Amino acid sequence: MKLNPINVAIVAAIASIGMPALAQQAGTQLERVEVTGSRILSVNAVSPAPVQVMSAADISAAGVANIQDLLIKNPAIGVPGLSRSNSNFLTSGAGVATIDLRNLGSSRTLVLINGRRMVSGTPGDSAVDLNTIPTDFIERVELLTGGASSTYGSDAVAGVVNIILKRNFNGLNLDAQVGQSSKSDDKKKKFSATWGASNDKSSLMAHIGVSRQGEVRSANRDGTTIDTQSLVAAGRSKDAADFYKTGVFLSGFAPAGHFFDDAADYTIDANGNMKKWSQNGPAGDGVNATGFNRTEWRRIAVPVDRVLLASKGEFQINESHQAFFEGTYANTKSSSNIEPFPLASDAIFPDTDGTVPAYTTVNGQKIRNPLVPSFVTGDGYFFQKRMSDFGPRHQDVERDTFRVLGGVKGELTKTWSYEGYIGYGSTKESQTGTGQVNVLNFKNALQAIPDGKGGVMCADALARAQGCAPANVFGTGTMSADAIAYIQAPQSLQTKITQKIAGASVSGEPFELPAGAVGVAAGLEWRNEGSSTVYDALTQAGLNGGNKLPNTKGDFTVKEAFAEVRLPLLKDLKMVKTLDGTLAYRVGDYSTVGNTRSWNAGLDWAANNTVRVRLTQAVSTRAPNINELYQGASQTFPQVTDPCQGVKITDTGELATRCKAAPGVTANMNANGGVFTLTQPDLQGVSGYDSGNPNLKAEKGTSRTLGLVITPKDIAALKNFTFTADYFDIEISKAINNPGRDYTLDQCYNGGDQAFCKFIIRRPVATGAGSAGALQFINQAPVNSGGQKAKGIDFTSSYSDRLGAGRVNARLSYTRLLDAWNKATDDAELDKSVGEIGSPKNKWSLALGYDIGNWSVATTTTYWGESYLDDQGTNKYLDPKKYNGFTKDTFRIGSVTYFDAQVTYKMGKAAQLYFGVDNLLDTKAPFIPSGLPGNTTGTNTNASTYDAIGRRGYIGIRYNM
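Here the structure is a predicted model, which means the values were calculated and not measured.

## Regarding the overall build of the chain
Scanning the chain for helices and strands turns up 14 helices and 52 strands. Dimensions along the principal axes, computed over C-alpha positions, put the chain at roughly 100 × 65 × 60 Å. Going through the 961 residues of the chain one by one, you find that 55% of them count as buried. For the chain, restricting intrachain contacts to residue pairs at least 6 apart in sequence, the fraction spanning at least 24 positions comes to 71%. Accessible surface computed for the chain: about 39200 Å², of which carbon and sulfur atoms make up 55%. For the chain, the separation between the mean place of its 94 positive charges and that of its 89 negative charges on side chains is 3 Å.

## Comments concerning the UniProt feature "domain: TonB-dependent receptor-like beta-barrel" (unreviewed entry) in the chain
As annotated by UniProt and renumbered to match this structure, "domain: TonB-dependent receptor-like beta-barrel" (unreviewed entry) occupies residues 364-920. Secondary structure content for residues 364-920 is 11% helix and 50% strand, while the C-alpha to C-alpha distance between its ends is 74 Å.

## Quick notes on the state of the cysteines
On inspection of all chains with the given rule, the structure shows three disulfides. Here Cys 458 engages in a disulfide with Cys 468; their sulfurs sit 2.0 Å apart. What sets the handedness of the Cys 458 and Cys 468 disulfide is the S-S torsion sign, and at about -80° it is left-handed. Of the two residues, Cys 458 is situated in strand S26 (residues 456-458) and Cys 468 in the loop between helix H6 (461-465) and helix H7 (481-487); the sequence distance between them amounts to 10 residues.

## Focus on the nonpolar core
Of all hydrophobic cores here, the largest spans 38 residues; its most connected members are Ile 67, Leu 71, Leu 130, Ile 138, Val 141, Val 161 and Ile 163. Mapped onto this core, the elements with two or more residues apiece are helix H2 (56-62), helix H3 (67-71), strand S2 (109-113), strand S4 (138-145), strand S5 (159-165) and strand S38 (721-733). By size, the runner-up hydrophobic cluster in this structure holds 32 residues, among which are Phe 259, Ile 348, Ala 358 and Phe 474.

## Some details on a nonpolar patch on the surface
Where nonpolar side chains cluster on the molecular surface, the patch consists of Val 178, Met 907, Leu 913, Phe 915, Ile 955 and Ile 957 and spans about 490 Å² of accessible area. At the level of secondary structure, the elements contributing two or more residues to the nonpolar patch comprise strand S51 (911-918) and strand S52 (952-960). Within the fold, Leu 913 resides in strand S51. Looking at Leu 913, the relative accessible area reads 35%, which means it is partly exposed.

## Overview of the sheet that holds strand S3 (residues 116-117)
In space, the five strands of this open sheet follow the order S1-S4-S5-S2-S3, with mixed pairing throughout. With one partner strand each, in any of the chains shown, strand S1 (51-55) and S3 form the two edges of the open sheet. Where S2 meets S3, two bridges bridge the pair, whose relative direction is antiparallel. Counted as the bridge partner of Leu 112 is Arg 117 from S3.

## Quick look at the pattern of salt bridges
Enumeration over the complete set of coordinates arrives at 43 salt bridges. With its nearest N and O atoms 2.7 Å apart, the salt bridge here joins Arg 294 to Asp 227. With Arg 294 in the loop between strand S14 (274-276) and strand S15 (299-301) and Asp 227 in the loop between strand S9 (216-217) and strand S10 (228-230), this pair connects stretches of sequence that are 67 residues apart. Like Asp 227, Arg 294 is buried.

## Considering helix H13 (residues 741-749)
Where burial is concerned, most of H13 is hidden: seven out of the nine residues are buried. If you follow the buried residues of H13, they end up packed against strand S35 (634-636), helix H10 (654-661), strand S36 (688-690), strand S40 (760-762) and strand S41 (775-778). After H13 finishes, the residue Gly 751 shows a positive phi value of roughly 90°.

## Looking at the packing of H10 against H13
Where H10 meets H13, the closest approach of the two axes is 8 Å, and the angle between their N-to-C directions is 105°. Classified by the angle between their axes, H10 and H13 sit roughly perpendicular to one another. For the pair H10 and H13, contact is made by Glu 654, Leu 655, Arg 658 and Cys 659 and by Gln 747, Cys 748 and Tyr 749, respectively. Of the residues belonging to the contact of H10 with H13, the class tally is four nonpolar, one polar and two charged.

## Some remarks on H10
If you check which residues of H10 are buried, you get Leu 655, Ala 656, Arg 658 and Cys 659. Those residues of H10 that are buried lie in contact with helix H11 (665-671) and H13.

## Focus on the confidence of the model for the chain
Taken over all residues, the pLDDT of the chain has a mean of 92, while the share at 70 or more is 96%. Considering only residues more than four positions removed or in separate chains, one finds that residues 1-30, a stretch of pLDDT under 50, has 72 contacts.

## Comments concerning the packing of aromatic side chains
Given two aromatic rings, one states the distance between the centres and the angle between the planes to describe the pair. If you walk through the whole model with that rule in mind, you get 28 aromatic pairs. Ring geometry for Tyr 743 against Phe 756: centres 5.5 Å apart, planes inclined by 80°, an arrangement best described as edge-to-face. Of this pair, Tyr 743 sits in helix H13 while Phe 756 sits in the loop between H13 and S40; the two residues are 13 residues apart in sequence, bridging distant segments of the chain. Accessibility assignment for this pair places Tyr 743 and Phe 756 in one class, buried. Centroid distance Trp 864 to Tyr 946: 6.4 Å. Interplanar angle 65°. Geometry classified as edge-to-face.

## Things to note about the environment of Pro 470
Looking at the element boundaries, Pro 470 is found in the loop between H6 and H7. Remark: the alpha-carbon pair of Pro 470 and Tyr 799, spanning 329 residues in sequence, is separated by 74 Å. If sequence neighbours within four positions are ignored, Pro 470 has contacts with Leu 371, Ala 445, Ala 448, Val 456, Met 457, Cys 458, Ser 480 and Ala 483.

## A word on the environment of Leu 308
Relative to the assigned elements, Leu 308 resides in strand S16 (residues 304-316). Leu 308 gets classed as buried once you look at its relative accessible area, which sits at 3%. Put simply, Leu 308 and Asn 131 are 177 residues apart on the chain and 8.8 Å apart in space, counted from C-alpha to C-alpha. Not counting chain neighbours up to four residues away, the residues in contact with Leu 308 comprise Asn 131, Thr 132, Ile 133, Pro 134, His 207, Ile 208, Gly 209, Tyr 329 and Ala 330.

## Here's the deal with the environment of Lys 443
In this fold, Lys 443 is placed in helix H5 (residues 439-445). In this view, Lys 443 contacts Ile 348 and Phe 349; residues no more than four positions away in its chain are not counted.

## What about unusual backbone geometry?
Located in the positive-phi region is Asn 114, a residue other than glycine, with phi close to 55°. Judged by its relative accessible area of 17%, Asn 114 falls in the buried class. Even without being a glycine, Asp 353 presents a positive backbone phi close to 55°. Structurally, the position occupied by Asp 353 is in the loop between strand S18 (342-344) and strand S19 (356-357).

## Comments concerning the pairing of strand S7 (residues 188-198)
Along S7, nine of the 11 residues are buried, which leaves the element largely enclosed by surrounding structure. The pairing of strand S6 (residues 171-181) with S7 spans nine bridges and is classified as antiparallel. Among the inter-strand pairings, Ala 176 is bridged to a residue of S7, identified as Phe 191. In this antiparallel pair of consecutive strands, S6 and S7, the connection spans six residues, and Ser 184 shows a positive phi of 65°. As paired elements, S7 and strand S8 (residues 202-213) share 11 bridges and run antiparallel to each other. By the bridge assignment, Phe 191 is partnered in S8 with Val 210. In textbook terms, the turn of a hairpin is the stretch between consecutive antiparallel strands, and for S7 and S8 this stretch comprises three residues.

## A closer look at the side chain of Thr 767
Position of Thr 767 relative to the elements: it lies in the loop between S40 and S41. Here Thr 767 falls in the buried class, since its relative accessible area comes to 9%. In this structure the side chain of Thr 767 is engaged in a polar contact, spanning 2.9 Å, whose partner is the side chain of Arg 763. Look past the residues within four positions of Thr 767 in its chain and what remains in contact with it is Asp 353 and Phe 382.

Conventions we followed
Residues numbered from 1 in each chain as written. Predicted model: local features only at pLDDT ≥ 70, side-chain atom pairs only at ≥ 80, totals over all residues. Heavy atoms only, no water. Helix = DSSP H or I, 4+ residues; strand = E, 2+ residues; numbered from the N terminus. Buried < 20%, exposed > 50% of the residue type's maximum accessible area, 1.4 Å probe, protein only. Contact = heavy atoms within 4.5 Å. Areas by Shrake-Rupley, 256 points an atom, 1.4 Å probe, with all protein chains shown as cover. Lys, Arg positive; Asp, Glu negative; His and termini not counted. Charge placed at Lys NZ, Arg CZ, Asp CG, Glu CD. UniProt positions renumbered as here; feature names shortened; annotations may be inferred. Disulfide = S-S within 2.5 Å. Core = buried A, V, L, I, M, F, W, Y, C linked by side-chain atoms within 4.5 Å. Patch = residues over 30% accessible without salt bridge, like charges linked within 9 Å, V, L, I, M, F, W, Y side chains within 5 Å. Salt bridge = Lys/Arg side-chain N within 4 Å of Asp/Glu carboxyl O. Pairing = 2+ DSSP bridges. Axes fitted to C-alpha atoms, helices over the stretch in contact; angles between N-to-C directions. Parallel < 35°, antiparallel > 145°, perpendicular 65-115°, else oblique. Nonpolar A, V, L, I, M, F, W, Y, C, P; charged D, E, K, R; others polar. pLDDT = per-residue confidence, 0-100. Phe/Tyr/Trp six-rings, centres within 6.5 Å; stacked < 30°, edge-to-face > 60°. Polar contact = N/O pair within 3.5 Å; in protein donor to acceptor, adjacent residues only side chain to side chain.

Here it is in structure tokens:
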């Protein structure tokens, strides 16, 4: 398609609504290009750093709606911090898709679009939401291992994911797809259109994509239809044989209510009568239980709907200079859904430790609340209740991400080039929620008196004037519509992230050495990042019965300068076809942490046409993000293990001594036969606050890589074979991290640093369902301490050649993880994660394809090696004085293999019909029940690592014009 005035008008109209397209046009002229890991333009660009590439063909063969689904199959990629299958329980972030190289954290993986930064998708963080990337507009994805801060700036500590969008295409490409799981959920619909036109001077492309991925409910999978927990984790057994056996573990917050008063512990039956409380049933099997089953409300995967628009173009100003632009827009909608809110009366009446008055004093006379049943004795009562009258806790979220970038580039001379650009990006998020209550209004509604007309009214006259209606909490469905309307508290969350960037650089060859031209690049960059998070007033004050979440706002600016040089050291000698050295250096000035410095040095030695060796050493930096610096104290409800559980009053030793000295613990022992005992509500009711630390400094990462590349092009049978082996060693010092609540407990009570005890608050006395001495709050904030490490070897091999009447292609990517650890403080012992869930010693992915005639078959096999549960949560079970028969093998999770396949049939030159199945063998995720480390709530497995959805198929058609 040639650009003429009519076509230009059509292009402008299409671009204005984001209409897209793609059709590849092969270039015939050699051009100086930039490769990931370097800013130097070169005709024969080769990176000394290891780079793995996923092509557009790989994306098509995977049939994915979101590029995250393909990237996480690569063994260099760790488990995602956020995805459809691990974000249902978050107060924000539902449906966000992030990426994490080497399991070093999403904020340590820098995601680029065409070598430039992309605005974050999570407020206060640097992590990019991959939902905002148009999957079918991607030309390739390059994964660079090791520190690259000297090239790209902060955050590239673990490496870089550089997403290259399509370029120089003519025509129109359409792609439509539908699919679902074998359980008739996870329904998928996808459509994209990509358009492009170009001539000798200009090119323009546009893209539109629409996709929908449906929800997967916990109740629709075997094993997650009812609340259960490991018998050992629940304290019902001490034997290793029962570790993976589960018992019914219903919630103590039931729709009918759970009541405590001077006389009894009870609930209310369907007739409004007192019924003895039996949380899991008399036999503990759920039969005749009064507790509540939460799983029927939960999701394994949240739904995500996306609309994506993208456009890019280049316009030649003259023979030496070009203007270019890139623009993307993404609208993403998602939702989370969990069980109705659990409310205890101590959230409404904290001054009386949760005691709800049964009487109100009016004109000096005590008047009983008519809604309080006669069997309630004393002046008050305590309750726990599932707020089912208000519906589930449901969050609807909509995100709009916009990015535009423009600039100029060109040639100053035959060997010198320049580029300058300026860009702006923003992500706006709007979230609304239901299922919460207004605590202040609830308090008014619980204090009721007769209205003198045979009815009931709120005792407070001002509250009545504001619409107060009395609330009856005794039984299921006893709330009136007026009471619900008065008490309910709709939630809202508004976030905004902004990114402003500008940069200018030059690249050239200033002089020649005997082995070739010296290449240099230098430039200046400026960046401003801002983020704000604003909750509704009740959420900010913690007055909706849920987490207290303050607003967070902050920004920073950084000015940077960088320089890079490539030195051709030797050439055309025996065993030295080429030997090149690279050096790069960057200095930054942050408005928050001051000066930062990073550098990189590398060698690339080609012994001949077959063997090449590459080596890099780098020091990278990561400045703290806005949340790490400025986050207000945000309430959370973590799952932790109390080291004092089971300690006896007669025990000696450091653990027993420290536990008995903690508030309420000795009183608990005295009330439970000399043993510190926790109830199910105690285990489920721990809270805490996360906050930022404005005194944080930049962390430093040191990385080393050493690689071997074999390309035996001189051997006819192996001319299309490539093998690489790359050793990597990445270590972060003074890491910005949260030590973790279990680590905090361990340090406080098991002989560690007593300074951690200040973050722990126990109940000094029993209150309602909370036992004396039970954990009430465990707080945490990030610090510069300790570090992290990932060390291993990446192997890749690829082969393509004719086989029979067709053509075969194969690619293997394998990572052997040698070491991985986290250290919470400088003096702490290493917390080894190598071989644990999410960080197996062995992980590989094998892609096999065969094309013959109009048919092609593509398969992908992904292997997760055997792993172990996190030892931070399992070491306690190895104590033979407390537990029986446990060994390390008790915590072993076997290897898992997934097999995906796609078959494509070409219908003429323009159309392709394809059909695919992911997890074709319906491999089940390893069973990791609730209560064990690594469990993802509502899935009975680790849904960040393993496939909790099961077999799912799809069918689609592609059409090219």
